[in-house]
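Structural characterization, general
If you want the building blocks of each chain, they are given just below.
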Amino acid sequence: MCSSDLNALRYDEDEDAWYLSLRNFDTLLKADRSSRTITWRLTTSSSNFDYVDGAIPTVHQHGFELLGDNHILVFDNREEEPSRVVEYELDETANEVREAWSYTNAADTYVYALGNPKRLDGDRTLINWATDGSVQIIDSDGTELWSLRADLGRSEEHTSELQSPDHLVCRLLLEKK
């Protein structure tokens with residue numbers, strides 16, 4: 001049996017479309033809700049897009065955020081190499097994808113599971129490095145503005161608490177401007 005590991009799901013009301021992250025298929029999907037058809041696949045193989053200008057596909061990606069204007073921010077777990085956060089610009093007419101921005105932290109952290117990015121006001125990005133037990137806020141140049149390192153070990157149970165909007169640390173980070 002093959003498991004897709006659907007690990008993130010977003011609905012865009014304006015487009016009436018679902019966006020899905022399928023970790024084990026290294027795939028992001030856009031699906032039209034009303035017709036129940038797949039609009040496109042962004043993946044390592046059988047992608048509807050060509051990766052141009054040095055863009056590379058995600059591997060075992062996890063969380064993502066729709067930024068508007070055909071931009072998507074993705075936590076790219078990678079596989080046995082440093083994880084990163086990447087912002088893609090999708091051209092659905094030309095079927096091309098470009099990297100608009102990417103960030104790998106100075107420690108070259110590899111996150112084997114989980115991981116979530118969140119774009120904040122002021123072109124800042126909140127990154128939950130999940131199994132590493134760390135959270136950062138960086139600016140668009142990759143300068144670290146704030147960080148938290150918790151001795152959470154490698155427990156997915158504990159790091160998932162950091163992802164909860166009800167968790168105190170998350171509330172404080174998201175409310176701070």
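Here, every reference points to the structure presented above.
Right, let's walk through the structure included here. Predicted model, so just to flag it, every value in this text is computed and none were measured. (Residues numbered from 1 in each chain as written. Predicted model: local features only at pLDDT ≥ 70, side-chain atom pairs only at ≥ 80, totals over all residues. Heavy atoms only, no water.)

Turning next to unusual backbone geometry. For N70, which is not glycine, the phi dihedral falls at a positive 60°. The partly exposed category is assigned to N70, whose relative accessible area is 42%. Residues other than glycine seldom take positive phi values, yet D123 does so here, at roughly 60°. Tracing the backbone through its elements, the reader meets D123 in the loop between β10 (116–120) and β11 (124–128). (Buried < 20%, exposed > 50% of the residue type's maximum accessible area, 1.4 Å probe, protein only. Helix = DSSP H or I, 4+ residues; strand = E, 2+ residues; numbered from the N terminus.)

Turning our attention to the nonpolar core. Ranked by internal contacts, the top residues of the largest apolar core, which has 14 residues, are L42, Y88 and L90. Among the elements of the structure, β2 (17–22), β4 (37–43), β7 (71–76) and β8 (84–91) are those that each provide at least two residues to this core. Looking at which element gives the most residues to this core, the answer is β8, with 3 residues. When sequence neighbours within four positions are dropped, the list of residues in contact with L90 reads W40, L42, F49, N70, I72, E96 and V97. Grouped together as the second largest cluster of nonpolar side chains are 12 residues, F75, Y103, A113 and L114 included. (Core = buried A, V, L, I, M, F, W, Y, C linked by side-chain atoms within 4.5 Å. Contact = heavy atoms within 4.5 Å.)

Quick look at the side chain of D12 now. Relative to the elements of secondary structure, D12 occurs in strand β1 (residues 6–12). In this structure D12 is buried but unpaired, with K30 as the nearest side chain of opposite charge at 7.3 Å. At a separation of 2.9 Å, a polar atom in the side chain of D12 contacts the main-chain amide nitrogen of D14. When near neighbours in sequence (up to four residues on either side) are disregarded, D12 contacts A17, Y19 and L66. (Lys, Arg positive; Asp, Glu negative; His and termini not counted. Salt bridge = Lys/Arg side-chain N within 4 Å of Asp/Glu carboxyl O. Polar contact = N/O pair within 3.5 Å; in protein donor to acceptor, adjacent residues only side chain to side chain.)

Opposite charge on two side chains makes pairing possible when the charged atoms of those side chains draw close. On inspection of all chains with the given rule, the structure shows 13 salt bridges. The residue R98 makes a salt bridge to E96 at a minimum N-O spacing of 3.2 Å. Salt bridges here are not isolated pairs; linked through shared partners, they connect D76, R78, E81, R84 and E99.

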